[in-house]
Amino acid sequence: MQHLREITSDVFDIADRLKAIDGRYRLFYNLIAKRYEVYTFTPHPTLQVVLPFSPPDARCIRHVLRTRAERISALLEEIEAENARIEREKAKAVIDRAIASAQI
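The notes below deal with the structure included here. In this text the structure is predicted, and so the values were computed from the model without any measurement. Within each chain, residue numbers correspond to sequence positions counted from 1 in written order. Confidence filtering applies because this is a predicted model: local features only for residues at pLDDT of at least 70, side-chain atom pairs given and counted only at 80 or more, and all residues used for totals across whole chains, interfaces and linings. The basis for the side-chain values is all heavy atoms of the structure; hydrogens and waters are excluded.

### A word on the overall build of the chain
So, point 1. From N to C terminus, the chain includes three helices and four strands.
So, point 2. Helix and strand assignments come from DSSP, with helices taken as H or I runs of at least 4 residues and strands as E runs of at least 2, each series counted from the N terminus. Going residue by residue from the N terminus, the α and β elements of the chain occur as β-α-β-β-β-α-α.
So, point 3. A radius of gyration in this sense is built from C-alpha atoms; the matching globule rule multiplies 2.2 Å by the number of residues raised to 0.38. Its C-alpha atoms give the chain a radius of gyration of 20 Å, more than 25% over the compact-globule value 13 Å for 104 residues.
So, point 4. Each principal axis of the C-alpha distribution contributes one length, and for the chain these read about 65 × 30 × 25 Å.
So, point 5. If you take every contact in the chain between residues at least 6 apart in sequence, the share linking residues at least 24 apart comes to 31%.
So, point 6. For accessible areas, the Shrake-Rupley method is used with a probe of radius 1.4 Å. Any residue's cover is judged against the shown protein chains and nothing else. Just so you have it, the chain exposes about 7300 Å², and 57% of that area is on carbon and sulfur atoms.
So, point 7. In this charge count, Lys and Arg are treated as positive and Asp and Glu as negative; neither His nor the chain ends contribute. The atoms used to mark charge sites are NZ of Lys, CZ of Arg, CG of Asp and CD of Glu. Separation between the mean location of the 17 positive side-chain charges and that of the 15 negative ones in the chain comes to 3 Å. Note on contacts: a residue pair qualifies if any of its non-hydrogen atoms lie within 4.5 Å across the two residues.

### Some words on the side chain of E37
So, point 1. You can see E37 is positioned in strand β3 (residues 35–41).
So, point 2. Residue class for E37 comes out buried when judged on its relative accessible area of 1%.
So, point 3. At a separation of 2.6 Å, a polar atom in the side chain of E37 contacts the side chain of R35.
So, point 4. Leaving out residues up to four positions away in the same chain, E37 has contacts with L4, R26, L27, F28, N30, L47, V49 and V50. We call a residue buried when its accessible area falls under 20% of the maximum for its residue type, exposed when it is over 50%, and partly exposed in between, using a 1.4 Å probe and counting protein chains only. N or O atoms within 3.5 Å of each other form a polar contact, as long as, within protein, one can give a hydrogen and the other can take it, and as long as residues adjacent in sequence are counted only when both atoms are side-chain atoms.

### So, the pairing of strand β2 (residues 25–30)
So, point 1. One ladder, built from four bridges, connects strand β1 (residues 4–7) with β2; its direction is antiparallel. Looking across to β2, one finds that R5 is bridged to Y29.
So, point 2. Following DSSP output, two strands are said to pair if at least two bridges run between them. Summarising the sheet, β2 and β3 pair through six bridges and their orientation is antiparallel. Note that in β3 the partner of L27 across the bridge is V38.
So, point 3. Hairpin geometry of β2 and β3 is characterised by an intervening segment of four residues between the two adjacent antiparallel strands and by a positive phi of about 55° at K34.

### Section: the sheet that holds β2
So, point 1. Spatial strand order, β1-β2-β3-β4: four strands in an open sheet with antiparallel pairing. Pairing within the sheet leaves two strands with one partner each, and these edge strands are β1 and β4 (45–50). Shown here is a sheet whose adjacent strand axes are inclined to one another by a mean of 40°, direction ignored.
So, point 2. Packed on one face of the sheet, helix α1 (residues 14–21) meets β1, β2 and β3 and runs near 140° to β2. Axis definition: a line fit to C-alpha positions, over the contact stretch in the case of helices; interaxial angles, taken between N-to-C directions, run 0 to 180 degrees.

### Points about the packing of aromatic side chains
What characterises a pair of aromatic rings is the spacing of the ring centres plus the angle enclosed by the ring planes.
So, point 1. Paired rings are identified among Phe, Tyr and Trp, the last through its six-membered ring, by centres lying within 6.5 Å, and are further divided according to the angle between planes into stacked (under 30 degrees), edge-to-face (over 60) and tilted (the rest). All chains considered together, the criterion is met by three aromatic pairs.
So, point 2. Relative to F41, the ring of F28 has its centre 5.7 Å away and its plane inclined at 40°; by these criteria the two rings are tilted. Of this pair, F28 sits in strand β2 while F41 is found in strand β3, placing the two residues 13 residues apart along the sequence.
So, point 3. Overall, F28 belongs to the buried group, its relative accessible area being 6%.
So, point 4. For F41, a relative accessible area of 32% translates into the label partly exposed.
So, point 5. Counting every residue linked through ring pairs, the aromatic cluster contains F28, Y39 and F41.

### Thoughts on the nonpolar core
So, point 1. Among the buried residues, those of types Ala, Val, Leu, Ile, Met, Phe, Trp, Tyr and Cys that are joined through side-chain atoms within 4.5 Å form a nonpolar core. L18, L27, V38, L51 and V64 are the most contacted members of the largest nonpolar core, which totals 13 residues.
So, point 2. Elements with a minimum of two residues in this core: α1, β2, β3 and α2 (58–66).
So, point 3. Setting aside residues up to four positions removed in sequence, V38 forms contacts with L18, Y25, R26, L27, T46, L47, Q48, V49, L51 and V64.

Pasting the structure below:
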């Protein structure tokens, strides 16, 4: 864990806002990967989420809330719905190309 630096204070109070979501959450900067990460500490450090925004801002709070383990069912449903939408778009594109080719 020597490559992790805990962020205890920041401009947007993200570290404190994370603790308000879950008292076990701690914000770290990974010096090797050069990214911000959220860990819990019960009983040992466990990576919860890698923050996609740098430096951390309000979007990170929304991301943490959205990806919490308690939301796994809803998150899986969102992923499945998005995958189904993509498949429909791909199928429509194939049909559109076939129709366009047939009309030539």
